[in-house]
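Residue strings, one per chain:
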Amino acid sequence: ISPLVDRMKADLSWIVQRQRDVSENMAEDLLSQVDMMTKLVGALLVLGLILGFGGGSLLTASISRSLKATVDAMTDIAHGEGDMTRRMKVRGQDELAQLSAGFNSFVEKIQNTILHVSKSTSTLTGAADKMRSEERRVGKEGRSRWSPYH
């Protein structure tokens, strides 16, 4: 029986050793796959950050250009040297496009108000000139009618 038990021990030891080798190989393969996945995720993260910062920079530059154009147009009008016929380009449907459209509407209303005031001023100037002429005419007639030398 002893040789049989020894034989069983040897077989069991061989099986256990074989199972250890298989488990170690599987663990190494799994660790290798985890390492490769970690590197892949790291590379994708770096790529995502680069694309995110690049896209963010482009978006920021685009918004800044549009805002600068808006600020320049408003500053030009605010300093009294503005061309009231100047309008901003309205591109798209975003908030900057809405701001440009609102600015254009505001400038158009101011332009119409200035035109109306200008026309009213011309009309009032014409009426004042007529009144001055009439006053002179009436004054001359009155002086000649009441003059003691007449």
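Structural data are supplied above this passage.
Quick caveat, the model's predicted, so the values are computed rather than measured.

A. Representation of the overall build of the protein chain in the model. The secondary structure content of the protein chain amounts to 2 helices and 0 strands. Taking 15 Å as the expected radius of gyration for a compact globule of 150 residues, we find that the protein chain reaches 46 Å, considerably beyond that expectation. Considered along the principal axes of its C-alpha atoms, the protein chain spans approximately 170 × 20 × 20 Å. Buried positions account for 7% of the 150 residues belonging to the protein chain. Of the contacts formed within the protein chain by residues at least 6 apart in sequence, a portion of 38% connects residues at least 24 apart. Within the structure as shown, the protein chain displays about 13000 Å² of accessible surface, and the carbon and sulfur contribution to it stands at 63%. Of note, the protein chain has its 20 positive side-chain charges centred 16 Å away from the centre of its 18 negative side-chain charges.

B. Highlighting the side chain of asparagine 104. Mapped onto the fold, asparagine 104 is located in helix H2 (residues 95-146). Not counting residues up to four positions away in its chain, the partners in contact with asparagine 104 are Arg87, Met88 and Val90.

C. Examining the layout of surface pockets more closely. Here the largest pocket defines a volume of roughly 420 Å³. Together, 19 residues line the largest pocket, and Ser66, Ala69, Lys89, Arg91 and Ser100 are the ones closest to its centre. Only helix H1 (2-78) and H2 provide two or more residues apiece to the lining of the largest pocket. Counted by class, the lining of the largest pocket contains 8 nonpolar, 4 polar and 7 charged residues.

D. Looking closely at a negative patch on the surface. Side chains of Asp21, Glu24, Glu28 and Asp29 sit close together on the surface and give a patch of like negative charge. With a relative accessible area of 46%, glutamate 24 lands in the partly exposed category.

E. Examining a nonpolar patch on the surface more closely. On the surface, Met37, Leu40, Leu44, Leu47 and Leu51 cluster together into a nonpolar patch covering about 510 Å² of accessible area. Among the secondary structure elements, methionine 37 is positioned in helix H1.

F. Here's a closer look at the pattern of salt bridges. Under the criterion given, the structure shown has 5 salt bridges. Here glutamate 134 ties to arginine 137 by a salt bridge, and the two come within 2.2 Å at their closest N and O atoms. Within this pair, glutamate 134 and its partner arginine 137 are both found in helix H2, separated by 3 residues, close to a single helical turn. With relative accessibility at 39%, the residue arginine 137 sits in the partly exposed group.

G. Structural context of the environment of threonine 60. Here threonine 60 is to be found in helix H1. When its relative accessible area of 48% is taken as the criterion, threonine 60 is described as partly exposed. In this structure, the C-alpha to C-alpha distance between threonine 60 and glutamate 24, residues 36 residues apart in sequence, is 53 Å.

H. A look at the side chain of glutamine 111. By the element assignment, glutamine 111 lies in helix H2. Not counting residues up to four positions away in its chain, the partners in contact with glutamine 111 are Met84, Thr85 and Arg87.

Rules behind the numbers
Along each chain, the written sequence defines residue order, and numbers are assigned to residues from 1. Per-residue local features of the predicted model are confined to residues with pLDDT of at least 70, and side-chain atom pairs are confined, for both listing and counting, to 80 or more; whole-chain, interface and lining totals are unaffected and use all residues. Only hydrogens and water are removed before side-chain values are computed, so all heavy atoms of the structure are retained for them. Each helix corresponds to a stretch of at least 4 residues labelled H or I by DSSP, and each strand to a stretch of at least 2 residues labelled E; elements are numbered beginning at the N terminus. Note that the radius of gyration is over C-alpha atoms, with the globule rule given as 2.2 Å times the number of residues to the power 0.38. Relative accessibility thresholds used throughout: buried, under 20% of the residue-type maximum; exposed, over 50%; partly exposed, between the two (1.4 Å probe, protein chains only). In this analysis, two residues are considered to be in contact whenever any of their non-hydrogen atoms come within 4.5 Å of each other. A 1.4 Å probe and the Shrake-Rupley method give the accessible areas. Residues count as covered only by the protein chains that appear here. Only four residue types enter the charge count, namely Lys and Arg as positive and Asp and Glu as negative; His and the chain termini do not. In this description, the location of a charge corresponds to atom NZ of lysine, CZ of arginine, CG of aspartate or CD of glutamate. Cavities and pockets were defined on a 1 Å grid built from protein atoms only: a cavity is a group of points that admits a 1.4 Å probe but offers it no way out, a pocket is an open group of points flanked by protein on both sides within 12 Å along at least five of seven lines, and a lining residue is one with an atom within 4 Å of any such point. Grid points are joined across faces, edges and corners, and a volume is the space filled by probe spheres set on the points. In this count, Pro and Cys sit with the nonpolar residues alongside Ala, Val, Leu, Ile, Met, Phe, Trp and Tyr, while Asp, Glu, Lys and Arg are called charged and the others, Gly among them, polar. For patch detection, residues must exceed 30% relative accessible area and be free of salt bridges, and they are connected within 9 Å for like charges or within 5 Å for nonpolar side chains (Val, Leu, Ile, Met, Phe, Trp, Tyr). Put simply, a salt bridge is a Lys or Arg side-chain nitrogen that is within 4 Å of an Asp or Glu carboxyl oxygen.

Functional significance is not addressed by these values, which are geometric in nature.
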